[in-house]
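Architecture and fold: a report
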Amino acid sequence: MPSASVEPITILLADDDEEDRELTRDALQDARLANEMRFVVDGQDLMDYLRREGRYAEEGKAPRPGIILLDLNMPKKDGREALAEIKSDPELRRIPVIVLTTSKDEEDVFRTYDLGVNSFITKPVTFAGLVEVLGTWSRYWFELVELPNGALGNGHGH
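About the thresholds
Residues numbered from 1 in each chain as written. Predicted model: local features only at pLDDT ≥ 70, side-chain atom pairs only at ≥ 80, totals over all residues. Heavy atoms only, no water. Helix = DSSP H or I, 4+ residues; strand = E, 2+ residues; numbered from the N terminus. Buried < 20%, exposed > 50% of the residue type's maximum accessible area, 1.4 Å probe, protein only. Contact = heavy atoms within 4.5 Å. Areas by Shrake-Rupley, 256 points an atom, 1.4 Å probe, with all protein chains shown as cover. Phe/Tyr/Trp six-rings, centres within 6.5 Å; stacked < 30°, edge-to-face > 60°. Polar contact = N/O pair within 3.5 Å; in protein donor to acceptor, adjacent residues only side chain to side chain. Axes fitted to C-alpha atoms, helices over the stretch in contact; angles between N-to-C directions. Parallel < 35°, antiparallel > 145°, perpendicular 65-115°, else oblique. Left-handed = near helix turned anticlockwise from the far one by under 90°. Nonpolar A, V, L, I, M, F, W, Y, C, P; charged D, E, K, R; others polar. Pairing = 2+ DSSP bridges. Patch = residues over 30% accessible without salt bridge, like charges linked within 9 Å, V, L, I, M, F, W, Y side chains within 5 Å. Salt bridge = Lys/Arg side-chain N within 4 Å of Asp/Glu carboxyl O. Lys, Arg positive; Asp, Glu negative; His and termini not counted. Charge placed at Lys NZ, Arg CZ, Asp CG, Glu CD.

This paragraph deals with the overall build of the protein. In terms of regular secondary structure, the protein is built from 5 helices and 5 strands. Put simply, the protein runs from its N terminus to its C terminus through helices and strands in the order β-α-β-α-β-α-β-α-β-α. Counting only residues that meet the buried cut, the protein has 44% of its 158 residues in that class. Counted over contacts in the protein with a minimum sequence separation of 6, partners at least 24 positions apart contribute 64%. Carbon and sulfur atoms provide 47% of the accessible area of the protein, an area that totals close to 8,700 Å².

What follows is the structure, encoded as structure tokens:
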């Protein structure tokens, strides 16, 4: 069991649709995932956050995420481009990236796995479905998997 002193992990959600951001946040809360959530609105905003540039340059403004939830279809820089940048950057590549998208396009699935995505989840159409999917997802990522930043787990088995 993780000890009570474990810091909550920051989940960074990259999605340009405000309603989708709110639904995902609410679904994660309903799935009882008491984690710190941060939001970015497009691929460029995501990269600025991760590199602590632009509006994220100020100290403490952009806590390093333990996991990134990434929408594929965003303006300025889409999720595929951002994913390629993240996975080619030695400083960022270890952060698990989960694609959470409405896309059911097989090409997107193959392409994002080729780029190094950790999971690909197609958003369910209902809120209840989203709560269920994110609940299952969070149990997997936050109870079973040892994340590379050491924020989780009991410290054994490294």
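A word on the packing of aromatic side chains. Any pair of aromatic rings gets described here by the distance separating the centres and the angle formed by the planes. Applying the stated criterion to the full structure yields 1 aromatic pair. Here Y49 and Y56 contribute two aromatic rings whose centre-to-centre distance is 5.1 Å and whose plane-to-plane angle is 65 degrees, an arrangement assigned as edge-to-face. Overall, the relative accessible area of 2% leaves Y49 in the buried class.

All right, on to helix α2 (residues 43-51) then. Of all the residues in α2, the buried ones are G43, D45, L46, M47, Y49 and L50. Buried residues along α2 sit in contact with β1 (10-14), β2 (36-40), β3 (67-70) and α3 (79-87). The distance from a side-chain oxygen at the start of α2 to the backbone nitrogen of Q44 is 2.9 Å, and the residue carrying that oxygen is D42. R52, located one to two residues past α2, shows a positive phi value of around 55 degrees.

Once that is clear, we can look at the packing of α3 against helix α4 (residues 106-115). Running from amino to carboxyl end, α3 crosses α4 at an angle of 20 degrees, the nearest separation of the two axes being 9 Å. In this view, α3 runs roughly parallel relative to α4, as classed from their interaxial angle. In this structure, α3 meets α4 at a crossing whose hand is right-handed. For the pair α3 and α4, contact is made by R80, L83, A84 and K87 and by D108, R111, T112 and L115, respectively. By residue class, the composition of the contact of α3 with α4 is 3 nonpolar, 1 polar and 4 charged.

On to the sheet that holds strand β4 (residues 97-101). On the basis of which strands lie adjacent, the open sheet formed by 5 strands has the order β2-β1-β3-β4-β5 and parallel pairing. Edge positions in the sheet fall to β2 and β5 (119-122), since each has one partner strand and no second. For this sheet, the mean angle separating the axes of adjacent strands, direction not counted, is 20 degrees. Where β4 meets β5, 4 bridges bridge the pair, whose relative direction is parallel. Within β5, the position partnered with L100 by the bridge is I121. Lying on the sheet, helix α1 (residues 18-30) is in contact with β1, β2, β3 and β4; it crosses β2 at an angle near 170 degrees. α2 rests against β1, β2 and β3 of the sheet, and its axis sits at about 155 degrees to β1.

Another point: a positive patch on the surface. Positive charge collects at one region of the surface, where R52, R64, R93 and R94 lie side by side. Relative to the assigned elements, R93 resides in the loop between α3 and β4.

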